[in-house]
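Below, each chain spelled out in residue letters.
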Amino acid sequence: MEQQAKTRISRVQLCEEIKPGPSSIIIFGASGDLTFRKLIPSIFTLFKKNLLPQEFYLLGVARTQYTDEEYRLEIKNKLSEEKEDLYLISKFIEKIFFISGNYNDDSLYSYLKNRLRYLDEIFKTQQNHLFYLATPPNIYLEIIRKLSNFELIKEKNNSYSRIIIEKPFGRDLKSSNELDEELHKSLKESQIYRIDHYLGKETVQNIMMLRFANIVFEPIWNYKYIDNVQITVAETLGVEHRAGYFEQAGLLRDMFQNHMLQLLTLVAMEPPASLEDSSVRDEKTKLLKTIRPFEKDYIDEFFIRAQYKKGKINGFNVPDYRQEPNVNPNSNVETYVAAKFLLDSWRWSGVPFYLRSGKRLKRKISEIAIIFKEVPHSIFAKNNIYLEQNVLILNIQPDEGFSLKIQAKQPGSKLCLNTLSMDFNYNEFFKFKGPDAYERLLLDAMVGDQTLFVRSDAMELSWKLLTPILEKWEEDQDKNLLFYEAGTWGPKEANELLLKDNREWRNLDVEGEFVNVF
Ligand code: BG6
């Protein structure tokens, strides 16, 4: 009983959820994988949680031919796993409509215009339109130009018109800038929502809460107390059915330019003046400016790239990357990157940020490890006791939470220290699974909150930083491409990246063990 009472008191009281006003969502690429796997389930969950406005409809646009009824049936079948939701699903799909056509065809847009006018009238959505571009990126500009020509993205008096753009946003600095310039010909920055789904993850949002809603971390969140920071985003999956895209992208574009840099930014940025989207995004931009640029001649000292060879994951044999379906048998595309970033600022002077991400690694885990310095003087040194450094781990997924590794006396002998782990696990504590990242992001876009979306200047800075590496790798082709066995933690050279600084990657195999030294 007492335990329960304590838990209740310690729960955060400050909860806020904003329900959007009248809105519509128009998805381009409505018959694609992202729509069926992520967008529709997230929108349905919002509907189930009563977070969608009463005045709402969803209009799918794609080349695939469906009638409204056929599209609804497709959605119903995809959502029907949860039997108890059948009634809600039937209510939800009443709000769904579909039109098909070619994205470069004017007639699609005049039909779209009529359909929007009609649906706005029926659902009383006040001409508020959230367009979601879930198509292949090479059609983004075509769609925007047509929407603009047909005056579909011009904001009128009290209505909004916003566009969510999926990654990849360009493939290097030049193409990203070109895309941005084109967008700004017909849209204001306040209408553009560049999505990075990592920012919608509960644990990623929690980085700001943890840092700025507690006083205990800020005084030690700097070069005086932190030795290094390690960010790992490891996946066991390979390229799956996405070889067409991944062969053009590679891991640096796929994970570093967006998710990895966003994580780094959130861990390292200065406290924003407020939670206003402009304040948060200003700080993120400032932080990106402090990252020391990578000079072409020294890139190999800071970046390791590798590709997986066959191996075993969870007991199953998996093939070489080059033997995956639709992958060029001579492909030089990297499926793993490890890197060292340095930040030129007072806070982070001399603190390396080591980042690694890869496909077909030993297990799926995303975490940020803040590794603190050793104690300045150990009174235990004379007993030959090695004191491990304190580590704060922010577990992004799959065991969402955080842990603090500290030294404490192990009961028994007079002097015996061991590393303890103080763990907080979201699912255990809150007893429910947090929302999917897309739920948060779609809701925020409908209410017009851009905090969790990437601003134009941050996008430019991230490409500016990584484009020299992409160019160097392009020039070198297969030179310096390393290989690693699937089911491992990557190539051994990634260890050397840290060893030469006298450091090691955090061992992700021996999680939470209390090792008895006797
Ligand atoms: C996507 C990448 O942005 O993120 C994928 O394109 C990657 O290659 C995915 O697998 C990882 O996302 P999550 O949420 O599963 O960590």
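Anything mentioned here points back to the structure above.
Note that the coordinates shown come from a computational prediction; the quantities given were computed from them, not determined experimentally.

A. Just the site of the ligand, in detail. The immediate surroundings of the ligand are formed by Lys167, His197, Tyr198, Lys201, Glu235, Arg242, Asp254, Met255, His259, Lys359, Lys364 and Gln397. A distance of 2.8 Å separates an oxygen atom of the ligand from a polar atom in the side chain of His197. Within the side chain of His259, an N or O atom sits 2.7 Å from an oxygen atom of the ligand. When residues of the shell around the ligand are assigned to their parent elements, the largest contribution, three residues, is made by helix H10 (residues 251–268). When its residues are assigned to classes, the shell around the ligand shows two nonpolar, three polar and seven charged.

B. Quick look at the sheet that holds strand E16 (residues 417–425). Ordered by their spatial adjacency, nine strands build an open sheet running E16-E15-E14-E13-E7-E12-E11-E8-E17, and the pairing between neighbours is mixed. Each having just a single partner strand, E16 and strand E17 (481–485) make up the two edges of the open sheet. On average, adjacent strands in this sheet sit at an angle of 20° to one another, irrespective of strand direction. Where strand E8 (residues 303–309) lies against E17, five bridges are found, and the strand directions are parallel. Each residue of the ladder has a partner; that of Lys309, found in E17, is Glu485. Along the sheet face, helix H8 (residues 202–212) touches strand E13 (365–372), strand E14 (391–397) and strand E15 (401–409) and points at about 145° away from the line of E14. Along the sheet face, H10 touches strand E7 (226–234), E8, strand E11 (336–341), strand E12 (353–358) and E13 and points at about 145° away from the line of E12.

C. Layout of the pairing of E14. Among the seven residues of E14, seven are classified as buried, and the element is accordingly described as predominantly covered. Note: E13 against E14, six bridges, orientation antiparallel. Within the sheet, the bridge partner assigned to Ile371 lies in E14 and is Val391. By the bridge criterion, five bridges tie E14 to E15 in an arrangement that is antiparallel. Looking at E15, one finds that Ile393 is bridged to Ser403. Here E14 hands over to E15 after three residues, the two strands then running antiparallel side by side.

D. Expanded view of the side chain of Asp444. By secondary structure assignment, the location of Asp444 is in helix H14 (residues 437–447). Not counting residues up to four positions away in its chain, the partners in contact with Asp444 are Asp449, Leu452 and Phe453.

E. Focus on the nonpolar core. Among the nonpolar cores identified, the biggest contains 148 residues, and Phe28, Leu112, Phe303, Phe341 and Phe353 are the most heavily contacted of them. Filtering out sequence-adjacent residues up to four positions away, Leu112 remains in contact with Ile26, Phe28, Leu59, Val61, Ile99, Leu147 and Leu152.

The rules behind the values
Residues numbered from 1 in each chain as written. Predicted model: local features only at pLDDT ≥ 70, side-chain atom pairs only at ≥ 80, totals over all residues. Heavy atoms only, no water. Near = heavy atom within 4 Å. Polar contact = N/O pair within 3.5 Å; in protein donor to acceptor, adjacent residues only side chain to side chain. Helix = DSSP H or I, 4+ residues; strand = E, 2+ residues; numbered from the N terminus. Nonpolar A, V, L, I, M, F, W, Y, C, P; charged D, E, K, R; others polar. Pairing = 2+ DSSP bridges. Axes fitted to C-alpha atoms, helices over the stretch in contact; angles between N-to-C directions. Contact = heavy atoms within 4.5 Å. Buried < 20%, exposed > 50% of the residue type's maximum accessible area, 1.4 Å probe, protein only. Core = buried A, V, L, I, M, F, W, Y, C linked by side-chain atoms within 4.5 Å.

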